[in-house]
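Structural description and commentary
One-letter residues, chain by chain:
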Amino acid sequence: MNFAGWVMGAAALCVANPSEAAQATSGRDWKLTLTPYVWAKTMEGQVQAAGLSSPVHVPFSEAFEKVEGVFMGEIAVDGPRWGAYVDYQGTDSRDERLASGLPVEAEIQLRSLTGAVYYVAHEEELGGRTVHGDARLFRIRPLAGARWSRTRADLAVPGLVEVGKQAEWTDVIVGLRADADLDPRWKLTGHLDVGGFDPGNRFSLNAQASLGYRTTLLTRPALLRVGYAVLFQEYEQDDFTGSRFLWNMTGHGPTAGFSITF
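Everything numeric in this text was worked out from a predicted model, so none of it was measured.

What counts and how
Residues numbered from 1 in each chain as written. Predicted model: local features only at pLDDT ≥ 70, side-chain atom pairs only at ≥ 80, totals over all residues. Heavy atoms only, no water. Helix = DSSP H or I, 4+ residues; strand = E, 2+ residues; numbered from the N terminus. Buried < 20%, exposed > 50% of the residue type's maximum accessible area, 1.4 Å probe, protein only. Contact = heavy atoms within 4.5 Å. Areas by Shrake-Rupley, 256 points an atom, 1.4 Å probe, with all protein chains shown as cover. Core = buried A, V, L, I, M, F, W, Y, C linked by side-chain atoms within 4.5 Å. Salt bridge = Lys/Arg side-chain N within 4 Å of Asp/Glu carboxyl O. Patch = residues over 30% accessible without salt bridge, like charges linked within 9 Å, V, L, I, M, F, W, Y side chains within 5 Å. Phe/Tyr/Trp six-rings, centres within 6.5 Å; stacked < 30°, edge-to-face > 60°. Lys NZ or Arg CZ within 6 Å of the ring centre and 35° of its normal.

Section: the overall build of the chain
Of regular secondary structure, the chain possesses three helices and 13 strands. Residue burial in the chain is summarised as follows: out of 262 residues, 44% are buried. Taking the contacts inside the chain whose residues are at least 6 apart along the sequence as the reference set, 64% of them involve residues at least 24 apart. A total accessible area of about 12,700 Å² is found for the chain, and carbon and sulfur atoms account for 59% of it.

Listed below in structure tokens is the structure:
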């Protein structure tokens, strides 16, 4: 079973028994949350390696056809005022486009690991409790951390030339997370961060929004999530041969997954 099927199968195991979940987490200030998810993204941009350049356009309708491997997930630790998370994304995809009248085949590997610490700067009680027994809240949490990225682009004009280039870099990021308990079951979450701070040469922007439905999964508090995410990355690098590596890429599309809390 592929990862998307695993997410759907796990969601099917959910049972509406929130009282057990509330008992399981009552009295605990610190919580660990695991969030596996999938991102059906459209990829648009430009990649250049060793003098060969190619536009990239992998639309949402072809995302699962052209994506050859994917794994995504987040681990978060939350306390009364402070928290931290680590998010990993790995995607392998391929595309074929015309560049300067020639057919260019592009195989792209993208790995990213983001980690950050956040602080509850504003918290407001909305009245009542969630089905998991927690107070309904609206929170704003500024964050600071770093995002490590590694890309590999293998470009080929069949029968003429093949080139490959790998680059990795780390950006300091700042941003914020906000969430609101709309009612005892529904939760709205937003995330925004920026990094690189050198537009035109090195810059990144990550924005996400999701709507979650509270239930239980294997007797633990769980949140089924659907949303939308956008990640823009721009990076240029010249190696010792003078060859230029350019990565200017935007990924955007719907997300789906679940969070389970221990």
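Overview of the nonpolar core
Grouped together as the largest cluster of nonpolar side chains are 12 residues: Met43, Val47, Val56, Ile108, Leu110, Ala153, Ala167, Trp169, Tyr235, Phe245, Trp247 and Met249. The leading source of residues in this core is strand S13 (residues 244-261), at three residues. Once you skip the residues sitting within four places of it in the chain, Tyr235 turns out to touch Ala167, Glu168, Trp169, Asn201, Arg202, Phe245, Leu246 and Trp247. Listed in part, the six residues of the second largest apolar core include Ala76, Tyr85, Leu143 and Ile173.

Focus on the pattern of salt bridges
By the definition in use, this model includes eight salt bridges. For the salt bridge of Asp179 with Arg139, the shortest nitrogen-to-oxygen distance reads 3.2 Å. In this pair, Asp179 is assigned in strand S9 (residues 161-181) and Arg139 in strand S8 (residues 135-157), connecting sequence segments 40 residues apart. This pair shows no difference in class: Asp179 is buried, exactly as Arg139 is. For Arg141, the salt bridge is made with Asp179, and the minimal N-O distance between the two is 3.1 Å. Of this pair, Arg141 sits in strand S8 while Asp179 sits in strand S9; the two residues are 38 residues apart in sequence, bridging distant segments of the chain. Grouping residues by exposure puts Arg141 and Asp179 together as buried.

Remarks on a nonpolar patch on the surface
Among the surface-exposed residues, Trp30, Leu32, Leu34, Ile75, Val77, Trp82, Val117, Tyr119 and Phe262 lie close enough to one another that they form a single nonpolar patch of about 810 Å² accessible area. For the nonpolar patch, the secondary structure elements donating two or more residues are strand S1 (31-39), strand S4 (67-78) and strand S6 (102-119). Its location among the elements puts Val117 in strand S6.

Remarks on unusual backbone geometry
One non-glycine residue, Leu218, lies in the positive phi region at around 55°. One can find Leu218 in the loop between strand S11 (202-217) and strand S12 (220-238). Since its relative accessible area comes to 58%, Leu218 is described here as exposed. With a phi close to 70°, Thr219 is a non-glycine residue in the positive phi region.

Some words on the side chain of Thr261
Secondary-structure assignment places Thr261 in strand S13. Relative accessible area serves as the criterion here: at 15%, Thr261 is assigned to the buried category. Sequence-distant contacts of Thr261, that is, excluding residues within four places in its chain, are made with Lys31, Leu32, Thr33, Arg220 and Pro221.

Observations concerning the packing of aromatic side chains
Evaluated as defined, the whole model comprises five aromatic pairs. Note on Tyr85 and Tyr118: the rings are 6.3 Å apart at their centroids and 25° apart in plane angle, and the pair reads as stacked. Of this pair, Tyr85 sits in strand S5 (residues 82-99) while Tyr118 is found in strand S6, placing the two residues 33 residues apart along the sequence. The exposure class assigned to Tyr85 is buried, which follows from its relative accessible area of 3%. Residues Trp169 and Tyr235 carry aromatic rings whose centres are separated by 4.0 Å and whose planes lie at 5° to one another, so their mutual orientation is stacked. Pair noted here: Trp169 is in strand S9 and Tyr235 is in strand S12, with a separation of 66 residues, a long-range link. The pair Trp169 / Tyr235 is uniform in exposure class, with both members buried. Of note, Arg177 hangs over the ring of Tyr85, and the distance from its end group to the ring centre comes to 4.0 Å.

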